[in-house]
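Structural overview
Listed below, chain by chain, are the residues.
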Amino acid sequence: MKTKGTIYLFFGILCELYFIGTIIFGGIITFAEFYLALGLLLITLGLYQRKNKKDYILIRPGKIKTVIKLCFSIVLVSVVIIESLIIQSAIIKNKQKSDYLIILGAGLRGEVPSIALFQRLYASLEYIEINPTVKIVVSGGRGFGESITEAEAMKRFLIKHGVAKDQIIKEEKSVNTFENMKFTAEILRKVDKKENIEVTIVTNNFHVLRSKFLAQRQGLKAYGYPAPLHPMLVPTCFAREYLAVINSYLFDK
């Protein structure tokens, strides 16, 4: 039992170190608290295991234990399937020209793009270099602590890097991914009478899958052009995205 306790302690400490790292790296990151709580739980279990020689049984044998095992198995299978789809979308870059390039906002500090947004913008420049005449939609409203809309900040960045002003369309009302796609689709239907509008979405790699299927729900034919993600954010963002995919699939309609 001491060996099992040591394993719990090891992974518990890793979770706590990761949580601290996210704070040092860039302030409080959404969902990082999950690793704080998980670490505390694992450390508690580890200390208990190392203290006791007898098996620590959280649930006694019986129907309840069987149901919990079944639920755990279902969750585990769903994690494997959904995370596999997230990873698949995260590594495939569509370089062919679509009718529109959509760049999703990712937060500002005043007027300065966040690290994640800078990554999306530089990835968009790669795509624009390959397809220089593509029309571009910058999508993002104004959130807390932002002096201007994310769309305006992205437009300024693109113009500064040589993109023509009349090549850019702004969508400035959205505050989440669902609204990004809903309001962008509404704008595109006003300016383009084509039935099957093709769009390539630039967002951070973990976010591509959800962005694509939300765009498809709005009647757009969607492809992805993933931007990189800082390694420190990988565990948090990919774990959180599993829950976000389920939430969007059920409720973002």
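Residue positions within a chain follow its written sequence, with the count starting from 1. Only residues with pLDDT of at least 70 get local features here, since the model is predicted, and only at 80 or more are side-chain atom pairs given and counted; chain-wide, interface and lining totals rely on the full set of residues. Heavy atoms from the whole structure form the basis of all side-chain values; hydrogens and water molecules are not counted.

Further remarks concern helix α7 (residues 208-217). For every residue, the accessible area (1.4 Å probe, protein chains only) is compared with the maximum for its type, and the residue is labelled buried under 20%, exposed over 50%, or partly exposed between those bounds. Per the convention used, a helix needs a DSSP run of H or I reaching at least four residues, while a strand needs a run of E reaching at least two, with both numbered from the N terminus. Most of α7 is tucked away, with seven of its ten residues classed as buried. Considered for burial, the residues of α7 that qualify are V208, L209, R210, S211, F213, L214 and A215. Looking one or two residues beyond α7, the residue adopting positive phi is G219, at roughly 90°.

Any Lys or Arg side-chain nitrogen found within 4 Å of a carboxyl oxygen on Asp or Glu counts as a salt bridge. The tally for this structure, following the rule as stated, stands at eight salt bridges. For K194, the salt bridge identified is with D99, shortest N-O distance 2.9 Å. Placement of the pair is K194 in the loop between α6 (177-191) and β6 (198-204) and D99 in the loop between α3 (63-91) and β1 (100-104), with a sequence separation of 95 residues. Bridged by salt links that share partners, the residues E111, E152, R156, K170 and E172 form one connected network.

This next bit is on the sheet that holds strand β7 (residues 221-227). Pairing in this open sheet of five strands is parallel, and the strands run β5-β4-β1-β6-β7 from one edge to the other. The outermost strands of the open sheet, each flanked by one partner alone, are β5 (168-171) and β7. Across the sheet, the mean angle separating the axes of adjacent strands is 25° when strand polarity is ignored. Here α6 sits on the sheet in contact with β1, β4 (135-139), β5 and β6, set at roughly 135° to β5. Each of β1, β6 and β7 is contacted by α7, which is oriented at about 160° to β7, the strand it contacts most. Any two strands with at least two DSSP bridges between them are considered paired. To define axes, lines are fitted to C-alpha atoms, for helices over the stretch in contact only, and angles between the resulting N-to-C directions are given on a 0 to 180 degree scale. The contact definition used throughout considers only heavy atoms, calling two residues in contact when any of these lie within 4.5 Å.

Okay, the side chain of T177 next. Examined against the element boundaries, T177 turns out to sit in helix α6. For this analysis, a polar contact is any N or O atom pair within 3.5 Å, provided that within protein one partner can donate a hydrogen and the other can accept it, and provided that sequence-adjacent residues contribute only side-chain to side-chain pairs. Here the side chain of T177 touches H207 through a polar contact of 2.7 Å, side chain to side chain. Setting aside residues no more than four positions away along its own chain, T177 makes contact with H207, R210, S211 and L214.

Moving on to a nonpolar patch on the surface. What goes into a patch is any residue over 30% in relative accessible area without a salt bridge, connected to like charges within 9 Å or, for nonpolar side chains (Val, Leu, Ile, Met, Phe, Trp, Tyr), within 5 Å. Accessible surface is estimated by sampling points in the Shrake-Rupley manner with a 1.4 Å probe; for residues, cover comes only from the protein chains shown. Where nonpolar side chains cluster on the molecular surface, the patch consists of I7, F10, F11, I13, L14, L17 and I20 and spans about 670 Å² of accessible area. With respect to the element layout, F11 can be found in helix α1 (residues 2-26). Take F11: its relative accessible area is 44%, and that puts it in the partly exposed class.

For the rest of this paragraph, the subject is the packing of α6 against α7. The interhelical angle for the contact between α6 and α7, taken along N-to-C directions, is 40°, at an axis separation of 9 Å. Every pair of crossing elements has a handedness; the one defined by α6 and α7 is right-handed. Residue-level inspection shows T177, F178 and M181 of α6 in contact with α7, the latter providing R210, S211, L214 and A215. In terms of residue class, the contact of α6 with α7 is built from four nonpolar, two polar and one charged. In this scheme the handedness of a crossing depends on how the near helix is turned from the far one: anticlockwise by less than a right angle means left-handed, clockwise means right-handed. Asp, Glu, Lys and Arg are counted as charged, while Ala, Val, Leu, Ile, Met, Phe, Trp, Tyr, Cys and Pro are counted as nonpolar; the rest, among them Gly, fall into the polar class.

With that settled, consider α6. In a helix, the anticipated span is given by 1.5 Å times the number of residues less one. Relative to the 21 Å expected for 15 residues at 1.5 Å per residue, α6 spans 21 Å between its end C-alpha atoms, a close match to the ideal helical length. Taken residue by residue, α6 has T177, F178, N180, M181, F183, T184, A185 and L188 as its buried positions. Contacts from the buried residues of α6 go to β1, β4, β5, β6 and α7. Between the side-chain oxygen at the start of α6 and the backbone nitrogen of F178 there is a gap of 3.2 Å, and the oxygen is on N176.

With respect to burial, β6 is a largely interior element, six of its seven residues being buried. Here β6 pairs with β7 via seven bridges, running parallel. Within β7, the residue paired with E198 across the bridge is K221. Look down the strands so they point away from you; if the path from the first strand over the helix to the second goes clockwise, the crossover is right-handed. After leaving β6, the chain enters α7 and then returns to the sheet as β7, a path that is right-handed.

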